[in-house]
Amino acid sequence: MDRKEFLATTFAAGLGLAFAPGLLSCTSSVSNRTVFDPLNLGAGNLSNVRGNISRYTNKGGTVGIFETKDGFVIIDSQFPDSVQPVLDGISVKGKPVLYLCNTHHHGDHTSGNIAFKDPETKILAHNRVPELQRKAAEKSNKLGEQRYATLLFEKEYKIDLGNEKVTGYHFGNGHTFGDVMYHFEKDNVVHMGDLMFNNMIPVYRTVDGSDSRNWIKVLEKAQKTFDDDTVFIFGHANKPELTTGNKSNLKEMADFLEASNEFVLKAITEGKTTELLLKEHTFIPGFANRTTPERFAGFLDELRKTLGG
């Protein structure tokens, strides 16, 4: 069996088991590789992505879950209450969380860090994340409700789990100053965090490091770094089933940001205010799929800051 046949087999098997009740401890072997039965969760939306990697949506950013024979690697933590079903499911399996990896500092990705009570769990993030997380917590009076990453890196960090290697990449700021994507190399799955919003207007705050021009470069580098077989997990989508995709989704996001830049630059040149633009448009021309009305005005205003208008 070649690699693509193997991946297709494990993917199909995972989908078939994704919501099977009561299967918590037995395992099966596919092509000499142990594939674990999925977590049994009482809340949220859990589905297999590929092999032993699943994605979980509830409240906040998409959580990535990877199981090994020795424990779990979790990507992002949502909020304490919304991530608790994941922790409850993990506790039944009797394995520790080896690593919790944050993709960036925003509260819907790091507030749940404090729910990971095991002091042995290593928390990994870009080196700007604790500082940004702390500043955000000060503004919201939640300093006492934080757990910060202590494994910090600038450009790249490798976790060697034996049968799987996980590499964190910081290709520069796009959504925030501390954006990291995590590549599960054997299963060839990449968690993009909020560098990817699917069918939505992205959260865009220049004070946090949002930069549409650099964001495009980050997405282009990701397309060059990973191959056509890579499956991507997205931080947000308008439907849970759309929180996974492929390189074409990354290109669409980059194209959207490029079109947004051109749209706002044209408005600046023509002296059009955001208020006038909102009377004329409800979405970026050519991207009617990306309609998040409550976020559109702020997105346009913040783009003006990036583009000098």
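Here is a short report on the structure shown in this document. Small disclaimer: the values here were computed from a predicted structure and weren't measured. (Residues numbered from 1 in each chain as written. Predicted model: local features only at pLDDT ≥ 70, side-chain atom pairs only at ≥ 80, totals over all residues. Heavy atoms only, no water.)

1. Considerations on the nonpolar core
Reasoning step 1: Judged by nonpolar contacts, the single largest core of 34 residues is most densely connected at Met181, Met192, Leu219, Leu250, Ile284, Phe299 and Leu300.
Reasoning step 2: It is helix α6 (residues 247-269) that contributes the most residues to this core, nine residues altogether.
Reasoning step 3: In contact with leucine 300, not counting residues within four places along its chain, are Phe263, Val264, Thr274, Leu277, Leu278 and Ile284.
Reasoning step 4: Leu46, Val63, Phe72 and Leu87 belong to the second-largest nonpolar core, a separate cluster that totals 20 residues. (Core = buried A, V, L, I, M, F, W, Y, C linked by side-chain atoms within 4.5 Å. Buried < 20%, exposed > 50% of the residue type's maximum accessible area, 1.4 Å probe, protein only. Helix = DSSP H or I, 4+ residues; strand = E, 2+ residues; numbered from the N terminus. Contact = heavy atoms within 4.5 Å.)

2. Considerations on the packing of helix α5 (residues 212-225) against α6
Reasoning step 1: Put simply, α5 and α6 touch, their axes get as near as 9 Å, and they point 160 degrees apart. Taken together, the axes of α5 and α6 lie roughly antiparallel to each other. Handedness of the crossing formed by α5 with α6: left-handed. In this structure, α5 contributes Ser212, Arg213, Trp215, Ile216, Leu219, Ala222 and Gln223 to the contact, and α6 contributes Lys247, Leu250, Lys251, Met253, Ala254, Leu257, Glu258 and Asn261.
Reasoning step 2: Grouping the amino acids of the contact of α5 with α6 by side-chain chemistry returns eight nonpolar, three polar and four charged. (Axes fitted to C-alpha atoms, helices over the stretch in contact; angles between N-to-C directions. Parallel < 35°, antiparallel > 145°, perpendicular 65-115°, else oblique. Left-handed = near helix turned anticlockwise from the far one by under 90°. Nonpolar A, V, L, I, M, F, W, Y, C, P; charged D, E, K, R; others polar.)

3. A closer look at the pairing of strand β6 (residues 72-75)
Reasoning step 1: Covered by surrounding structure in β6 are Phe72 and Ile74 together with Val73 and Ile75, the residues of both alternating faces.
Reasoning step 2: Across four bridges, the pairing between strand β5 (residues 63-67) and β6 is antiparallel. Paired with isoleucine 65 across the bridge in β6 is isoleucine 74.
Reasoning step 3: Joining the antiparallel neighbours β5 and β6 is a turn of four residues.
Reasoning step 4: With respect to chirality, the unit in which β6 leads through helix α2 (residues 80-93) into the neighbouring parallel strand β7 (residues 97-101) is right-handed. (Pairing = 2+ DSSP bridges. Right-handed = clockwise from strand over helix to strand, strands pointing away.)

4. Let's talk about the pattern of salt bridges
Reasoning step 1: In the structure shown here, the tally under the stated rule is 19 salt bridges.
Reasoning step 2: Between aspartate 81 and lysine 59 there is a salt bridge, with its nearest N and O atoms 2.9 Å apart. One end of the pair, aspartate 81, is in helix α2; the other, lysine 59, is in the loop between β4 (53-57) and β5, with 22 residues separating them in the sequence.
Reasoning step 3: When salt bridges that share partners are traced, they join Lys266, Glu270, Lys272 and Glu280 into one network. (Salt bridge = Lys/Arg side-chain N within 4 Å of Asp/Glu carboxyl O.)

5. Remarks on the side chain of histidine 175
Reasoning step 1: Secondary-structure assignment places histidine 175 in the loop between β11 (165-169) and β12 (181-184).
Reasoning step 2: Take histidine 175: its relative accessible area is 1%, and that puts it in the buried class.

6. Comments concerning the sheet that holds β6
Reasoning step 1: In space, the seven strands of this open sheet follow the order β3-β4-β5-β6-β7-β8-β9, with mixed pairing throughout. A strand with exactly one partner marks an edge of an open sheet, and here the two such strands are β3 (45-50) and β9 (151-153). This sheet shows a mean twist of 20 degrees between the axes of neighbouring strands, independent of strand direction.
Reasoning step 2: α2 rests against β4, β5, β6 and β7 of the sheet, and its axis sits at about 175 degrees to β6.

7. Quick word on the pairing of β3
Reasoning step 1: Of all six residues making up β3, five are buried, and the element is well covered by its neighbours.
Reasoning step 2: Bridging between β3 and β4 involves five bridges; their strand directions are antiparallel. Its bridge partner being in β4, leucine 46 is matched across the sheet by tyrosine 56.
Reasoning step 3: Hairpin connection of β3 to β4: two residues between the antiparallel strands, including glycine 51 at a positive phi of 60 degrees.

8. Re the sheet that holds β11
Reasoning step 1: One open sheet accounts for six strands, arranged β10-β11-β12-β13-β15-β17; its pairing is mixed. Strand pairing shows two members of the sheet lacking a second neighbour, β10 (156-160) and β17 (244-245), which therefore form its edges.
Reasoning step 2: Looking at chain direction, strand β15 (residues 231-233) and β17 are connected through two bridges and run antiparallel. For phenylalanine 232, the partnering residue across the bridge sits in β17 and is glycine 245.

9. Notes on the environment of asparagine 289
Reasoning step 1: Relative to the elements of secondary structure, asparagine 289 occurs in the loop between α7 (274-280) and α8 (293-307).
Reasoning step 2: According to the relative accessible area criterion, asparagine 289 is partly exposed, its value standing at 33%.
Reasoning step 3: Those residues within four positions of asparagine 289 in sequence are excluded, and the remaining contacts are Asn199 and Glu252.
Reasoning step 4: There is a polar contact of 3.2 Å between the side chain of asparagine 289 and the side chain of glutamate 252. (Polar contact = N/O pair within 3.5 Å; in protein donor to acceptor, adjacent residues only side chain to side chain.)

10. Some words on the packing of aromatic side chains
Geometrically, a pair of aromatic rings is defined through the distance of the ring centres and the angle of the planes.
Reasoning step 1: Across all of its chains, the model carries nine aromatic pairs by this definition.
Reasoning step 2: Their ring planes at 40 degrees and their centres at 5.4 Å tell us that tyrosine 169 and phenylalanine 171 sit as a pair that is tilted. Phenylalanine 171 shares its class with tyrosine 169; the two are buried.
Reasoning step 3: Measuring from ring centre to ring centre gives 5.7 Å for phenylalanine 256 and phenylalanine 299, while their planes differ by 15 degrees; the resulting arrangement is stacked. Taken together, the positions of phenylalanine 256 in helix α6 and phenylalanine 299 in helix α8 put the pair 43 residues apart, joining distant regions of the chain. Residues phenylalanine 256 and phenylalanine 299 agree in their burial class; the two are buried.
Reasoning step 4: Each residue in the set Tyr204, Trp215, Phe256, Phe287 and Phe299 is aromatic and connected to the rest through ring pairs, giving one cluster.
Reasoning step 5: Residue placement shows lysine 95 over the ring face of phenylalanine 36; its charged tip is 3.7 Å from the ring centre.
Reasoning step 6: The aromatic ring of phenylalanine 256 is capped on one face by arginine 290, whose charged end is 4.8 Å from the ring centroid. (Phe/Tyr/Trp six-rings, centres within 6.5 Å; stacked < 30°, edge-to-face > 60°. Lys NZ or Arg CZ within 6 Å of the ring centre and 35° of its normal.)

So far we have only geometry, and geometry alone does not tell us how the molecule works.
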